[in-house]
Every structure is written in C-alpha cells, then in structure tokens.
Amino acid sequence: MTADRPDFFGALPPAHRDRLRTLAREVSFPAELRIFDEGGPADRFWVIRSGTVALDVYEPGRGAAVVETLGDGELLGWSWLFEPYHWHLGARTRAPVTAYEFDAEQVRGAIDADPAFGLAVTRCVAAVAIGRRLRAARLRLLDLYGAPGREPWTGAAGAAP
Amino acid sequence: MTAARPDLVPVPYRVAARTARTPDTADLVLDPVADALPPFAPGQFAMVYAFGVGDIPLSLSAQDGHRLTHTIRAVGAVSRALHGLWPGTTVGVRGPFGIGWEPPAVEGTDLLVVAGGLGLAPLRPLVRAVLAARPRYGRVAVLIGTRTPGDLLCTQDIEDWRAAGARVEVTVDRPDNAWQGDVGVVTDLLDRAEFAPRNAAAFLCGPEVMMRATARELVRRGLAPDRIQLSLERTMHCGTGHCGHCQLGPLLLCRDGPVVSWSHAEPLLLVREL
Ligand SMILES: Cc1cc2nc3c(=O)[nH]c(=O)nc-3n(C[C@H](O)[C@H](O)[C@H](O)COP(=O)(O)OP(=O)(O)OC[C@H]3O[C@@H](n4cnc5c(N)ncnc54)[C@H](O)[C@@H]3O)c2cc1C
Ligand code: FES
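Residues numbered from 1 in each chain as written. Chains lettered and ligands numbered in written order. Predicted model: local features only at pLDDT ≥ 70, side-chain atom pairs only at ≥ 80, totals over all residues. Heavy atoms only, no water.

**Q** Report on the overall build of chain A, specifying residues and quantitative values.
**A** When helices and strands are counted, chain A shows three helices and eight strands. Listing each helix as α and each strand as β along chain A from the N terminus yields α-β-β-β-β-β-β-β-β-α-α. When contacts within chain A are restricted to residue pairs at least 6 apart in sequence, those whose partners lie at least 24 apart make up 72%. (Helix = DSSP H or I, 4+ residues; strand = E, 2+ residues; numbered from the N terminus. Contact = heavy atoms within 4.5 Å.)

Quick look at the structure:
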C-alpha cells in the first residue's frame, strides 16, 4: 500500500484510527482459503494489508459465484456491525493474504463504550464499505458494457419500446 | 500522397485484415487504395463509410504508417456492415477529425488511463505513445473494466504494456469460473493504482456513466478537474463542425472534442437532453 492510496484506516480520524489499531492482530492466510461462509456468524472482520479476497454467493448448480474482489487496504466484512451479525456473502482468498484481524465483539464493546469512537467507525464503515460498494453494485446493475438495446445480463434482445 | 479534401470527400481504403476480438467486435485493418489521409493523433477519429449503407465516426485504435486500424462493435446498420467486411472490400474514410488526448507537458507526471469496454480502443494509441516515451512520465497505470473475461479487448497489448513498464489492472463485471482476476467496477481499481494526485493526469474512455463516476472519484482523491480528460460520444454526421448533430451545449464535439476536460464536461453532462 502506498501513501498515495486511500484505505479503510486512512478514512478514520487519526485518534480513532490509532485506537482501532490497538484492537488488531496481524494474521496471514494462504491462497484458496475459505475465510467465512454465507450465513455464518460474523464474529471477526479484517482490513486487508496485501493479497486479494473474493466475495461469493453460493448458487445451486454453479457453485460459488464471485460477486466482487477486495484488495489492499480494504475492509473485509461489515455484517459484524449490524444485527443479526451473520455474513451475507462468503469469502475466499485468491492469493496469499496478510491482514489486520479484529474481534467483532471487542470492537462492538468499544463502540458502545465510546460514542465518539463508535460514530467514527460506523461512519467509516458506512462510507467506505457500504456506500461505495452500493454505488458500485448499482453501476454494475446497469450493465454498462452490454450491447445497446439488450437486456442487462441475459444478452437477449430487449423488448421493442 | 495525401488526399486533397480528406475532411469532405471519402478516401478509398481497402480492408487488409479483419480479426474478431469478441463475438460482436472486430478489428479492421485498412490500407489506402491510392492517396492516404493525413496522420491521426491519438484520440482523433475518422468517418468511415460502408458503401451503400452510410458512414459512422470511429476512433483509431492503431496507426502504422498509412495503415489504419479500427475496432468496431456491431450495434446498428452501419457498424454491423463494417464489422462484417472481409479483406479486399473497399470503404471510404474521411478524417482525421477532432481534438485527441493531450499528454501532460510536465515531465514525471503520473498517468492514469481508465477504460471501460470498447473505450479501450481509442486509448490504445495513447498508451502506445506514452510507453514509447516511457522515461518522460512517472508511474503509468492502465485500468480496464469489462463485462466478462471474453469481452476483454487487446489481450496481447496488455502483456506488451506490462513488459514496457505500465501497471495494467483488469476487472470484470461478470467472471466465469476460470477468471482469477478482479471482479467489480473500474473505479475500484483506482485503489490498485499508485499516483500522486497533485502530480497526475487521467484519461478516461467508456460509457458516459462510468466516466462520470471515475472522474468524480478522481476529483475526490485530489486530481484537478482540468487534468482529467474524457472522450465523449454524440451522434455525428458531417465531422466538420457544420451540421450541429454532435452539439453538447456550446461545444461541437466533432470539432471541440471528442476529448474534453472534466472541468468543461461536468457542467454540460449534468444538463439532461444536451
Ligand atoms: C468520436 C466517436 C468515436 C467512436 N469510436 C468508435 C469506435 O472506435 N468503435 C465503435 O465500434 N464505435 C465507435 N463509436 C460509436 C459508433 O459511431 C456508433 O456505434 C455508430 O455510430 C452506430 O451507428 P449504427 O448505424 O451502426 O447504429 P445505429 O442504428 O445508429 O444505432 C444502433 C444502436 O446503437 C446505439 N448507439 C448509437 N451510437 C452509439 C454510441 N456512440 N454508443 C453507444 N450506443 C450507440 C443506438 O442508440 C441504437 O440503440 C464512436 C462514436 C464517436 C462519436
Ligand atoms: S458532426 Fe456535424 S457539426 Fe459535428
């Protein structure tokens, strides 16, 4: 990661960033490791330091369909912040990954105990992870690169107006 | 020899080769039958005439002496006719038209080239020109968004550009099972690129929605709006600034574009129906 590149920690005010960092432990995962499964308990989360993680959804007959990849500096997981604390997607490493790992219960405890810290972390998760990914998902819904006049994703000719 | 009024009278070119790139996109390589058009700058376009059908604006995706290459996606009557041509057929070509990409004069500037879908084609000559003068620039990143892995254009170029010192990243909207690269929108790739926002210039080409999202994200990251260039598309007819078909507010894009800066484009793109 370079100083030129904004990341999850970079989006937090320095004092809160330092506080959050004290709750982190460094971990590494080999390539092709399943980190969590859709529906599983969201009891941890990570900020990726290096490597790539693919988020996927299980589709019967197709296996795990990758919907997005995350890389350096990005937040992996936000379901730990909101009830019912279950993962909405699955995650698997593509290449070996190093990351800061957080215990969700411990961070939620810190958030509840210190409203200023809580607001900063919640804002950051909302802006960096949820807001940005929602905008990205909406853009992809438009199927921008599809041929004009075709239905998004099906590739079938669109109905005449 | 150069043709007399190449902006008004189509100059005959023969299809020398045709290479299918994706199911609906092909490269047409054109050689002049006799007189040639003047050289094109990266980002300029030609009006290419399929005889008996009509003519459409097409950017140049490569130029080698008098030889021109266009990358054509079949979307309607004229583009389908051109896309389906075989070697030996003759087409008419007018040009070069418009204002192309303007690489920064300041040495050491970091460059970001962001392409969506077919938008990679008009950026190809720019990337080649930049990499031919690699020491003049700082870090060079080429970020490409495409629909599926099978829709990726210029796969050989991508290898060549990496070998020539560019960082090339590709993301797809819809991966297949074999795809091991990134999945997501092209703006996400900005996280992968390394650039100093105050010493960087960006070049964007692709669907307008994608360019607007990318330009806004770049401004948020500190790039000055006048250092972001984008290639805009509007219906074109004459190519010479006379018919008004390509008007965008005060601009005639065939003459004042297709490449314009974000500082000029943003207020115009916010007005609907322009
Ligand atoms: C400066 C410039 C450079 C261009 N460079 C290239 C290029 O390198 N390669 C290439 O394949 N195309 C390029 N285009 C787009 C190309 O000119 C159009 O696809 C073409 O004019 C469509 O004409 P048609 O007769 O085939 O289809 P039409 O019958 O006119 O249109 C068929 C369908 O395509 C849609 N369409 C028309 N124009 C566009 C467009 N510009 N973008 C998206 N959808 C469109 C229409 O809304 C309609 O749904 C460029 C356009 C401009 C203005
Ligand atoms: S195409 Fe005629 S004025 Fe631009």
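**Q** Mind laying out the pattern of salt bridges, listing which residues take part and the relevant values?
**A** Once their charged atoms are close, side chains differing in charge can pair, the charge on each being opposite to the other. Inspection of the entire model under this criterion finds 32 salt bridges over all chains. A salt bridge links aspartate 55 of chain B to arginine 94 of chain B, with the shortest nitrogen-to-oxygen separation between them at 3.1 Å. In this pair, aspartate 55 of chain B is assigned in strand S4 (residues 54-59) and arginine 94 of chain B in strand S7 (residues 90-97), connecting sequence segments 39 residues apart. Residue classification places arginine 94 of chain B among the buried residues on the basis of a relative accessible area of 8%. The closest approach of N and O atoms between arginine 255 of chain B and aspartate 256 of chain B, which form a salt bridge, is 3.1 Å. The partly exposed category is assigned to arginine 255 of chain B, whose relative accessible area is 44%. Connected through salt bridges with shared partners, the residues Glu74 and Arg132 of chain A together with Asp182, Asp188, Asp191, Arg192, Glu217, Arg220 and Arg221 of chain B form a single ionic network. (Salt bridge = Lys/Arg side-chain N within 4 Å of Asp/Glu carboxyl O. Buried < 20%, exposed > 50% of the residue type's maximum accessible area, 1.4 Å probe, protein only.)

**Q** So what about the site of ligand 1? Which residues, and what values?
**A** Around ligand 1 sit 19 residues, and of these Pro57, Thr71, Arg73, Ser79 and Glu233 of chain B come closest. Of the chains in the model, those with residues near ligand 1 are chains A and B. In the model, a nitrogen atom of ligand 1 is placed 2.8 Å from a nitrogen or oxygen of the threonine 71 of chain B main chain. At 3.3 Å, a backbone N or O of glycine 76 of chain B approaches an oxygen atom of ligand 1. If ligand 1 stood free it would expose 900 Å²; the protein chains cover 67% of that surface. Of all the elements in the fold, those that place two or more residues in the shell around ligand 1 are S4, strand S6 (67-73) and helix H1 (77-83) of chain B. (Near = heavy atom within 4 Å. Polar contact = N/O pair within 3.5 Å; in protein donor to acceptor, adjacent residues only side chain to side chain. Areas by Shrake-Rupley, 256 points an atom, 1.4 Å probe, with all protein chains shown as cover.)

**Q** Go over the nonpolar core, please, and point to the residues and values.
**A** Counting residues in hydrophobic clusters, the biggest one holds 37 residues, and the most contacted among them are Leu20, Trp46, Leu76, Trp80 and Phe102 of chain A. Counting only elements with at least two residues in this core, the list comes to strand S1 (25-29), strand S2 (34-36), strand S3 (44-50), strand S4 (53-59), strand S6 (75-76), strand S8 (97-103), helix H2 (104-113) and helix H3 (115-141) of chain A. In terms of residue count, the dominant contributor to this core is H3 of chain A (six residues). Contact partners of leucine 20 of chain A, with chain neighbours within four places excluded, come to Phe8, Phe9, Leu12, Phe102, Val107 and Phe117 of chain A. Ala202, Leu232, Leu252 and Val260 of chain B belong to the second-largest nonpolar core, a separate cluster that totals 36 residues. (Core = buried A, V, L, I, M, F, W, Y, C linked by side-chain atoms within 4.5 Å.)

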